[in-house]
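Given next are the chains, with one letter for each unit.
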Amino acid sequence: MSIDVIVVGLGFGADFAPIYQAHPDVGRVAVVDADPARTTAVADRLGIAVRFPSLDEALAAPGWDAVHLLTPVRFHAEQVQQVLRSGRHCASAVPMATTLEDLDALIAAQDDAQRNYMMMETAVYSREFFHALSLLESGKLGRLAYFKGDHLQNLDGFPDYWRGYPPMHYVTHALSPALALANTRVESVRCLGSSKLTPDHIGVAGEGFGTEAALFKLAGDDLVANVTMSFFQLGRSYLEGFSVYGDEGGLEWPQLEGGPMKEFKLEQLPDGRRGRPVTEADVRPPGAPELLPEALKRFADGGHGGSHPHLVHEFVSSIVENRRPRVDARTAATWTAPGICAHQSALQGGAEIQVPDYGAR
Ligand SMILES: NC(=O)c1ccc[n+]([C@@H]2O[C@H](COP(=O)([O-])OP(=O)(O)OC[C@H]3O[C@@H](n4cnc5c(N)ncnc54)[C@H](O)[C@@H]3O)[C@@H](O)[C@H]2O)c1
């Protein structure tokens, strides 16, 4: 079986179109962008013949099995429903949506359409995540004990629609590795906002904070994920990652992007000594190219921890194999809702907010 895919939004989307072109189970690839000059430039460069001027026109065309949306966040909820209603499978860039109502609507749309929805969460297909998973599965971490996550990125100069964006509404990169490793959901959250947005940073979302710091209580166990998100007013270079600790070992994200991760191993307590010794090692995880079709392996050196070809492969394979993708609508809501609730908590001065259970792990 071969599927035809439309890629919509050619900023970030320009990185994904060539991966679909190379996938052995993909036939035709088409592109869409609201900016005709961008569509022409990207399609010409990649040798893509079929171009549509809008999502509406793409969905009105006969054929085409799947759509990958990489449009600005405010369009995700509406466009995903539009694609699913047209009878196509839909992949969407993060976040799934920015309100709990829209998360419910997308789960209903996936179920009604009986088509695949996948949130394209880069963090859980990164080299670093594959390494954390192998440490956990081989017992090297021991029993999970604690998580940290950070996404610190200065968004000055980004398109205007980012101004005032609540940082916790983008929490999935920093939080989903913890939830995927612990195979659980967030039960409740307490979050504080730090550094009120200055007037020049306030955007459509209204007043808010440059930085938000949350403690997520995970369900079913005694675990906490401590996540800091910042988009404005923070004198710090870019950092987007997670750390995981067990009672026997840990894996820590580097302080500076590009540096090696640190792997820790707690040794036995020698007689008469205070505190167990800890072995430390630098590690640069190799990723998992063996999980990819031969034709996609060359994309595994790319950005976001080499995750892009894995995301494409999972989305395409789920359609070809007629199964739900790893990050379906319920899992996507499970990973997105905690951030929506965290921002609510920050607006209420740190009140504890219960996070809905979407029935996914
Ligand atoms: N690690 C990650 O997962 C990651 C990284 C970067 C961006 N993203 C996500 O990818 C998406 C795109 O990000 P970006 O940085 O490329 O954004 P961008 O604003 O730079 O580019 C968006 C593109 O979509 C086009 N567009 C806008 N509205 C459209 C519409 N209605 N129909 C068709 N095309 C439309 C624009 O012309 C533009 O070319 C965002 O949702 C962002 O959150 C995710």
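Residues numbered from 1 in each chain as written. Predicted model: local features only at pLDDT ≥ 70, side-chain atom pairs only at ≥ 80, totals over all residues. Heavy atoms only, no water.

- Named according to an unreviewed UniProt entry, the protein is Gfo/Idh/MocA family oxidoreductase originating from Kribbella pittospori.

## Some thoughts on the overall build of the protein
1) Next: Looking only at helices and strands, the protein features 10 helices and 15 strands.
2) Next: The C-alpha atoms of the protein give 21 Å as radius of gyration, which agrees with the globular expectation for 361 residues (21 Å, within 12%).
3) Next: On the principal axes, the C-alpha backbone points of the protein span a range of 75 × 50 × 35 Å.
4) Next: When the accessible surface of the protein is totalled, it reaches about 15,500 Å², and 50% of it is carbon and sulfur.
5) Next: If the 31 positive side-chain charges of the protein are averaged to one point and the 45 negative ones to another, these points end up 3 Å apart. (Helix = DSSP H or I, 4+ residues; strand = E, 2+ residues; numbered from the N terminus. Rg over C-alpha atoms; globule rule 2.2 N^0.38 Å. Areas by Shrake-Rupley, 256 points an atom, 1.4 Å probe, with all protein chains shown as cover. Lys, Arg positive; Asp, Glu negative; His and termini not counted. Charge placed at Lys NZ, Arg CZ, Asp CG, Glu CD.)

## A look at the sheet that holds strand β12 (residues 249–252)
1) Next: Taken together, nine strands build an open sheet; the order of strands is β14-β13-β12-β11-β7-β10-β9-β8-β15 and the sheet is mixed. The outermost strands of the open sheet, each flanked by one partner alone, are β14 (278–283) and β15 (353–354).
2) Next: Where strand β9 (residues 209–218) and strand β10 (residues 224–230) come together, seven bridges link them in antiparallel fashion. Paired with Thr211 across the two strands is Ser230, which belongs to β10.
3) Next: Against the sheet, helix α7 (residues 172–182) touches β7 (144–152), β8 (186–196), β9, β10 and β11 (239–246), its axis set at about 160° to β7. (Pairing = 2+ DSSP bridges. Contact = heavy atoms within 4.5 Å. Axes fitted to C-alpha atoms, helices over the stretch in contact; angles between N-to-C directions.)

## Some points on the sheet that holds strand β1 (residues 3–8)
1) Next: Strands sit in the order β3-β2-β1-β4-β5-β6 across an open sheet of six strands; the sheet is parallel. Two strands bound the open sheet, and with one partner strand each, they are β3 (50–52) and β6 (117–119). Neighbour-to-neighbour, the strand axes of the sheet open up by a mean angle of 20°, direction not taken into account.
2) Next: Two elements, strand β2 (residues 26–32) and β3, share three bridges in a ladder whose sense is parallel. Paired with Val32 across the strands is Phe52, a residue of β3.
3) Next: Of the strands in this sheet, β4 (66–69), β5 (89–92) and β6 touch helix α4 (residues 76–85), which is tilted by about 160° from β5.

## Focus: the domain arrangement of the protein
1) Next: One can read the domain layout of the protein as domain 1 (3–122 + 294–328) and domain 2 (124–288 + 336–354).
2) Next: The C-alpha centroid of domain 2 is placed 27 Å from the C-alpha centroid of domain 1.
3) Next: Residue-level contacts link 27 residues of domain 1 with 22 residues of domain 2.
4) Next: Note on domain 1 versus domain 2: buried area summed over both sides is about 1,800 Å², and carbon and sulfur give 61% of it.
5) Next: It is Glu121, Gly305 and His310 in domain 1 that bury the most area against domain 2; as a group they hold 27% of the surface buried on that side.
6) Next: At the junction of domain 1 with domain 2, the criterion picks out seven residue pairs in polar contact (both at pLDDT 80 or more).
7) Next: Taken together, the elements giving at least two residues each to the side of domain 1 that touches domain 2 come down to α5 (100–113), β6, α8 (303–306) and α9 (308–320). (Domains from an automatic or database assignment. Buried area = accessible area lost by both parts, 1.4 Å probe. Polar contact = N/O pair within 3.5 Å; in protein donor to acceptor, adjacent residues only side chain to side chain.)

## A word on the packing of aromatic side chains
1) Next: The final tally for this structure, using the stated rule, is 13 aromatic pairs.
2) Next: Taking 6.2 Å as the distance between ring centres and 75° as the angle between the ring planes, the aromatic pair formed by Tyr165 and Tyr170 counts as edge-to-face.
3) Next: A relative accessible area of 8% places Tyr165 in the buried class.
4) Next: Against the face of Trp64 rests Arg28, its NZ or CZ located 4.0 Å from the ring centre. (Phe/Tyr/Trp six-rings, centres within 6.5 Å; stacked < 30°, edge-to-face > 60°. Buried < 20%, exposed > 50% of the residue type's maximum accessible area, 1.4 Å probe, protein only. Lys NZ or Arg CZ within 6 Å of the ring centre and 35° of its normal.)

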